[in-house]
Amino acid sequence: MTSVRKFAVWLNLFALALMTGCDSPQSEAEAQTALVISGQATAASKLPASNGNTLTLRLENLAALPETKAIIAEKTIVLNKQQRPLPFELRVFRDQIRADTPYALRILLQTPEGGLWTADELYSINRDMPELELGDVNLIQAFDSEMVNHTGLFVCGSKTVKTRLDKEKMQLHLDDDIFHLQQVSAASGAKYQSADSQVVFWHKGERAMLTMASFDWPQCTRVSKNILALFPFSAHGNEPGWALSAEVNEVVLNWNYGRQRLVMPNPQLDLTHSGFVLHSKANERLLKVNVLHSLCRDSMSGKPYPQHVEIHFDDKHLRGCGGDSDALLTGEEWVVEDINNRGMIDFSRVTLKFDDKGRLSGQASCNQYTTTYEFREGLDIDGAITTRKACAPALMKQEELFLTLLRDIKRLDFTPRGALLLTTSDGQSITARR
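Since this is a predicted model, take the numbers as computed values, not measurements. (Residues numbered from 1 in each chain as written. Predicted model: local features only at pLDDT ≥ 70, side-chain atom pairs only at ≥ 80, totals over all residues. Heavy atoms only, no water.)

So, about the state of the cysteines. In this structure the tally under the stated criterion is three disulfides. Disulfide partner of C156: C220, at an S-S distance of 2.0 Å. Here the disulfide of C156 and C220 is right-handed, its torsion about the S-S bond being about 115°. Taken together, the positions of C156 in strand β9 (residues 151-156) and C220 in strand β17 (residues 220-222) put the pair 64 residues apart, joining distant regions of the chain. By relative accessible area, which is 0% here, C156 ends up buried. For the chain, the disulfide bridges join cysteines in the arrangement 1-2, 3-4, 5-6, where the cysteines are counted in sequence order. (Disulfide = S-S within 2.5 Å. Helix = DSSP H or I, 4+ residues; strand = E, 2+ residues; numbered from the N terminus. Buried < 20%, exposed > 50% of the residue type's maximum accessible area, 1.4 Å probe, protein only.)

What characterises a pair of aromatic rings is the spacing of the ring centres plus the angle enclosed by the ring planes. In the structure shown here, the tally under the stated rule is five aromatic pairs. Ring centres 6.1 Å apart and planes at 45° place the aromatic pair W334 and F414 in the tilted group. In this pair, W334 is assigned in strand β27 (residues 334-339) and F414 in strand β33 (residues 409-414), connecting sequence segments 80 residues apart. Taken as a pair, W334 and F414 share a single burial class, namely buried. An angle of 90° between the planes, with centres 5.0 Å apart, marks the rings of F354 and Y373 as edge-to-face. (Phe/Tyr/Trp six-rings, centres within 6.5 Å; stacked < 30°, edge-to-face > 60°.)

For the rest of this paragraph, the subject is the side chain of K159. Mapped onto the fold, K159 is located in strand β10 (residues 159-166). Here L65 takes part through its backbone oxygen, which lies 3.0 Å from a polar atom of the side chain of K159. (Polar contact = N/O pair within 3.5 Å; in protein donor to acceptor, adjacent residues only side chain to side chain.)

Right, let's talk about helix α4 (residues 393-408) for a bit. When the terminal C-alpha atoms of α4 are compared, their 23 Å separation across 16 residues agrees well with the 22 Å that a helix rising 1.5 Å per residue should span. Turning to α4, its buried residues number three or more, namely Q398, E399, L401, F402, L403, L405 and L406. (Expected span 1.5 Å × (residues − 1).)

Quick look at the structure:
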């Protein structure tokens, strides 16, 4: 082999080795290339002129969304009030996006007052896309006042999904995001879907199915009326004197004896085995309200409430009681098992039935009775009106004692085993149990 040919062979081998050595770095560089998503947002309704408005771009992993808030990338843009329309751009590295996983871009506009606008489409994203120009993105305002009285709650996976209906339109709330749907024909139940058909919510009775970009969520179950009946929910505590009011659509917290106030829109409701958790995010501040279904007594008055409440906000940790005290009394009737430590006549029946309108009625041993009650710091019961049937002397004597004590009751409490304990100012008592 001549020296010229040897040199040519060596040169070719060197070139091949050089190309092979560069394959891996080139592949990594290609994987790291940013996917640029851009466009301009326009609100369907007029925005309030404010320098505090923000536009949030959020790339989410739809497959992880039922169990967690799976944000892959997020960018918040502080808006100038003169901007119309609102330009945006989000850069995402392609190696953050898996080829076999559904992703979507969400666009939210928020005002300092809690107003919220979101895109009316679900923009699917995959790693093989070139630079993505969305063009004009339409934003629709949430919290339409006409929808407030048509709210439903469904548990899907570990998430609670809120629905609001207005005729044939639905707003589906998930965390602090909102999807805008329109009713479409269905063989059974009620079916709603977005304008681009990417989001579908189909409910039949107590069950529902939710699909996003062809990804099926776990089956959804409607939240029971017992949970919904808790709202509006109120709670309070002492030192430093705070009060909370929670609607399905808004949470308001006053503390430091009313000198400070916080309003949080669009709370998320998470159900637990022993109660529920409310949390809401506004202007990057998180308020978390833990509610435990367990008897709670006010630390100053001793008045009982049905829930323990803990509030976490910034560096504050507040504890107190929540719920409606009247709910401890109302509902199923109470059966008296002891009158002033004298027991009960065998086979006799004395009952207490408190309703939510301040009426108390029941069986007094021989006769039926009815009266009114008021439960504030203490329990006040008016004199009872009874039927006039005559019974055995022992029953009539027990009835007289019961009605006399009932009129003098001033305080109520509950034993560790859940019995209702009614006491007079001089310590006489009536004990009842459900």
